Amino acid sequence: MIGQAELVIDAKALLGEGAHWDGQESKLHWVDIEGRQLRIYEPMGQGEESYSFDSMVSAAVPAADGGWILALQDGIYSFKKNGQPQLIAAVEPELPRNRLNDAKCDSAGRLWFGTMSMDSAPGAGNLYVMEPHGEVRHVLSDIGISNGLAWDDSRSLMYYIDTPTRGVDVMDYDLQSGTVSGRRTIFTLPEGAGGPDGMTIDREGMLWVAQWGGSCVSRWNPHTGKQIGKVEVPAKNVTSCTFGGEALDELYITTARSGMSEEDLQHWPLAGGLFKFKAGVQGVLANVFAGGVR
């Protein structure tokens, strides 16, 4: 399978990320990390609203009782419309040059999130999980850039990306306790294909991986380690993807333009845009945070 993504919004986001489909509201939530914005796209009305923050925002996950849980630069916050972010948990205050990155919830409503060095220090990042009541637990150390997350509950598996390794890992996952074990690499992107960034899973259990520097989203069979599809994206740095739409068969894709040269931007004028691809397969509805928002 080879396809071509179409432009939805020529957003020119500096670092578009964190695509999340809100099935209850039928809206796409995504962020511009360096632009410090939460953006909400409504396909039916073709409109978009945004919220700006004083620090970088790397993910925004809806909460079950309304509002969002935000991964801001220095910690996890709750946020409601017309309000101010409220700190739930400071993260790595002893490492001021680290920031939070990708974050998603498992089907129990726990928030999984990771960190990375803004100075590209190798192995400076970590992976954490926050329970619905707010307790934060450390999960993994020695992470380069904590990125894509996905779960296959039917097989008790959790998939995870640490971008500099160029690999996609799997861990055995206990949903009841929220613990992982047996981390192993299931496939690695080939040289010259860029680095794996965000990730999602479809109802067939196949993984879709956004490729930073690879101008595509690739589809993989995690049980064989073989690539089985590719969606070409007219942007160099592809950052995240999620399934949305009424039938959950539209793959929404975010991209970035930060750090690109003028020559690169001339070659990739749609960099930073939001894209969509009719996948021909249904995705899995993204989970929401089970805890309350203050």
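How each quantity is defined
Residues numbered from 1 in each chain as written. Predicted model: local features only at pLDDT ≥ 70, side-chain atom pairs only at ≥ 80, totals over all residues. Heavy atoms only, no water. Helix = DSSP H or I, 4+ residues; strand = E, 2+ residues; numbered from the N terminus. Rg over C-alpha atoms; globule rule 2.2 N^0.38 Å. Buried < 20%, exposed > 50% of the residue type's maximum accessible area, 1.4 Å probe, protein only. Areas by Shrake-Rupley, 256 points an atom, 1.4 Å probe, with all protein chains shown as cover. Lys, Arg positive; Asp, Glu negative; His and termini not counted. Charge placed at Lys NZ, Arg CZ, Asp CG, Glu CD. Salt bridge = Lys/Arg side-chain N within 4 Å of Asp/Glu carboxyl O. Pairing = 2+ DSSP bridges. Axes fitted to C-alpha atoms, helices over the stretch in contact; angles between N-to-C directions. Phe/Tyr/Trp six-rings, centres within 6.5 Å; stacked < 30°, edge-to-face > 60°. Polar contact = N/O pair within 3.5 Å; in protein donor to acceptor, adjacent residues only side chain to side chain. Contact = heavy atoms within 4.5 Å.

(A) Molecular detail of the overall build of the protein. Scanning the protein from N- to C-terminus turns up one helix and 25 strands. Its C-alpha radius of gyration of 17 Å places the protein within 12% of the 19 Å reference for a compact globule of 294 residues. By principal-axis analysis of the C-alpha atoms, the protein measures approximately 45 × 45 × 40 Å. Going through the 294 residues of the protein one by one, you find that 56% of them count as buried. Total accessible area on the protein stands at roughly 12,000 Å², and carbon and sulfur atoms take up 47% of it. Looking at charge distribution, the protein has the averaged site of its 24 positive side-chain charges lying 2 Å from that of its 38 negative ones.

(B) Molecular detail of the pattern of salt bridges. Per the counting criterion, the structure on display carries 17 salt bridges. The residue K81 makes a salt bridge to E49 at a minimum N-O spacing of 4.0 Å. Of the two residues, K81 sits in the loop between β9 (75–79) and β10 (86–90) while E49 sits in strand β6 (residues 47–52), which places them 32 residues apart along the sequence. On the basis of relative accessibility, which here comes to 45%, the residue K81 falls in the partly exposed class. Judged by its relative accessible area of 30%, E49 is partly exposed.

(C) Quick look at the sheet that holds strand β5 (residues 37–42). Taken together, four strands build an open sheet; the order of strands is β3-β4-β5-β6 and the sheet is antiparallel. At either end of the open sheet lies a strand with only one pairing partner, and these are β3 (16–22) and β6. Across this sheet, the average inter-strand angle for adjacent strands is 20°, counted without regard to direction. Looking at chain direction, β5 and β6 are connected through six bridges and run antiparallel. By the bridge assignment for β6, Q37 is matched with S52.

(D) Structural context of the environment of Q24. With respect to the secondary-structure elements, Q24 resides in the loop between β3 and β4 (27–32). Note on Q24: relative accessible area 73%, which makes it exposed.

(E) Representation of the packing of aromatic side chains in the model. Across all of its chains, the model carries 12 aromatic pairs by this definition. Relative to Y173, the ring of W112 lies with its centre 5.8 Å away and its plane at 70°, an arrangement referred to as edge-to-face. Remark: Y173 occurs in strand β17 (residues 167–174) and W112 occurs in strand β12 (residues 111–117); sequence separation between them is 61 residues. You'll find W112 and Y173 in the same group, each marked buried. Arranged with centres 5.5 Å apart and planes meeting at 20°, the rings of F113 and Y128 form a pair that is stacked.

(F) Seen up close, the side chain of R39. One can find R39 in strand β5. Within the local environment of R39, its side chain forms a polar contact with the side chain of E48, the two groups lying 2.9 Å apart. Beyond its immediate chain neighbours, meaning those up to four positions away, R39 contacts I9, A11, L28, H29, W30, E48, E49 and S50.

(G) Structural detail: the side chain of D197. Along the chain, D197 falls in strand β19 (residues 195–201). In this structure D197 touches E17, N147, G148, I161, T163, V209, A210, W212, V238 and T239, once residues within four positions along its chain are discounted.

(H) Highlighting the environment of E42. Within the element layout of this structure, E42 appears in strand β5. Residue class for E42 comes out partly exposed when judged on its relative accessible area of 36%. As for E42 and K27, which are separated by 15 residues in sequence, their C-alpha atoms are 4.8 Å apart. Once you skip the residues sitting within four places of it in the chain, E42 turns out to touch K27 and G47.

Just distances and angles here, no functional claims.
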